[in-house]
Amino acid sequence: MFKGQFVSLSCEEDDSSAGWTLRRNTTKQTRTECGVKWGRSAGSSCNISYVIPPDSGVYWCESREGATSNSINITVTGGSVILQSPVLPVMEGDDVTLHCKTKTSNLPADFYKDGSLMRTEPAGHMTIHHVSKSDEGLYKCNSNHGESPPSWITVTGKPTTTALTPTSGAPPPASAPLQLVFRLVCHIVVFCPYFISTLLMVSLYRYRPTGNDPPVSMVMTAPTQTEQGLDNDYDDVITSVTTEHHF
């Protein structure tokens, strides 16, 4: 910012009862509160009517419980050229435009990053498309009116998206049937060995010999008189047949 400008800073949140206040760190002060040696407090806002180079520093909001907001860097120069850049971190993938300005207008300028020339812009502003972490660094501009103070640009990653969970009335996702089939197959594969081993054990138990089974023995009975007569007749027949063959 140029020396002598009016600056208004404010802490914005839905819960106004948190009691947010502005604090800053400069080369001469640490964690000083707005209204104490600098600025004029107005609720959760702080106004600086006339900034000077010693006002350069890091500013942030802080609640009574000690919670803090993102911090911003403010640079105040007494020179004739400034580089306007985002004070808050920029998200990866966003476009960032830098302006090389005097107090009245933009001007043709050379833009530098970390001391290396990037390019010259006749209109005095440069846009970086789809910024990434590699674009993070210290930028400045140089023109025939002079050189601007350096300005640091911070690049942060985009927040991860959270998957939506279906409600009770919503249809299940398309992959749900496949998951059910997979779980059923897993259960069957795990259960089958136990089931088969149980059947084998039961079968072996049913057919195993026990000590209570009666012993098996062969009983020879004497032939009755009728059976003896039949045996004699059978012998006579055999003898007769044999005699006829020898004749």
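1. What about the overall build of the chain?
Phase 1: Secondary structure assignment for the chain yields two helices and 17 strands.
Phase 2: Put simply, 54% of the contacts in the chain that link residues at least 6 apart link residues at least 24 apart.
Phase 3: If you sum the accessible surface of the chain, you get close to 18,200 Å²; carbon and sulfur atoms cover 58% of it.

2. As for the layout of surface pockets
Phase 1: Put simply, the largest pocket is a space of about 540 Å³.
Phase 2: Every residue lining the largest pocket is counted, 25 residues in all, and those nearest its centre are Asn73, Ile74, Thr75, Val87 and Ser151.
Phase 3: Elements with a minimum of two residues in the lining of the largest pocket: β1 (7-10), β7 (72-74), β8 (82-84) and β16 (151-153).
Phase 4: By volume, the second largest pocket is sized at about 280 Å³.
Phase 5: For the lining of the second largest pocket, the elements supplying multiple residues, two or more each, are β1 and β6 (57-62).

3. Quick notes on the sheet that holds β1
Phase 1: The antiparallel open sheet is built from three strands, whose spatial order is β1-β5-β4. Edge positions in the sheet fall to β1 and β4 (40-42), since each has one partner strand and no second. The mean inter-strand angle of the sheet, taken between neighbouring strand axes irrespective of direction, is 20°.

4. Quick word on the sheet that holds strand β13 (residues 125-128)
Phase 1: Read from one edge of the open sheet, three strands run β8-β10-β13, paired in antiparallel fashion. At either margin of the open sheet sits one strand with a lone partner, and together these are β8 and β13. Direction aside, the axes of adjacent strands within the sheet are offset by 20° on average.
Phase 2: For strand β10 (residues 96-101) and β13, the ladder comprises four bridges, and the chain directions are antiparallel. The partner of Leu98 across the bridge, within β13, is Met126.

5. Section: the state of the cysteines
Phase 1: Inspection of the entire model under this criterion finds three disulfides.
Phase 2: With a sulfur-sulfur separation of 1.9 Å, Cys34 is cross-linked through a disulfide to Cys46. Because the torsion about its S-S bond is 85°, the bridge between Cys34 and Cys46 counts as right-handed. Separated by twelve residues along the polypeptide, Cys34 in the loop between β3 (32-33) and β4 and Cys46 in strand β5 (residues 45-48) bring together distant segments of the chain. There is no split in this pair, since Cys34 and Cys46 are both buried.
Phase 3: The disulfide bridge from Cys100 ends at Cys141, spanning 2.1 Å between sulfur atoms. On the sign convention where negative means left-handed, the S-S torsion of about 75° between Cys100 and Cys141 marks this disulfide as right-handed. With Cys100 in strand β10 and Cys141 in strand β14 (residues 137-143), the pair connects residues that are 41 residues apart, well separated along the chain.

6. Looking at the pairing of β14
Phase 1: The sheet contact formed by strand β11 (residues 109-113) and β14 spans four bridges and is antiparallel. Among the inter-strand pairings, Asp110 is bridged to a residue of β14, identified as Asn142.
Phase 2: Where β14 lies against β16, three bridges are found, and the strand directions are antiparallel. Bridging from a neighbouring strand, Leu138 pairs with Trp152 of β16.

7. Section: the pattern of salt bridges
Phase 1: This model, assessed by the stated rule, comprises eight salt bridges.
Phase 2: For Glu147, the salt bridge goes to Lys140, with nearest N and O atoms at 3.4 Å.
Phase 3: A relative accessible area of 23% places Lys140 in the partly exposed class.

8. Topic: the confidence of the model for the chain
Phase 1: For the chain, per-residue confidence averages 78 on the pLDDT scale, and 67% of positions sit at 70 or higher.
Phase 2: Ignoring residues within four places in sequence, the model shows residues 215-222, a span with pLDDT below 50, making zero contacts including any to other chains.
Phase 3: Contacts for the low-pLDDT stretch residues 233-247, under 50 throughout, to residues beyond four places or in other chains number zero contacts.

Cut-off values and rules
- Residues numbered from 1 in each chain as written.
- Predicted model: local features only at pLDDT ≥ 70, side-chain atom pairs only at ≥ 80, totals over all residues.
- Heavy atoms only, no water.
- Helix = DSSP H or I, 4+ residues; strand = E, 2+ residues; numbered from the N terminus.
- Contact = heavy atoms within 4.5 Å.
- Areas by Shrake-Rupley, 256 points an atom, 1.4 Å probe, with all protein chains shown as cover.
- 1 Å grid on protein atoms, 1.4 Å probe; cavity = no way out; pocket = protein on both sides within 12 Å on 5 of 7 lines; lining within 4 Å.
- Points joined across faces, edges and corners; volume = space filled by probe spheres on them.
- Pairing = 2+ DSSP bridges.
- Axes fitted to C-alpha atoms, helices over the stretch in contact; angles between N-to-C directions.
- Disulfide = S-S within 2.5 Å.
- Buried < 20%, exposed > 50% of the residue type's maximum accessible area, 1.4 Å probe, protein only.
- Salt bridge = Lys/Arg side-chain N within 4 Å of Asp/Glu carboxyl O.
- pLDDT = per-residue confidence, 0-100.

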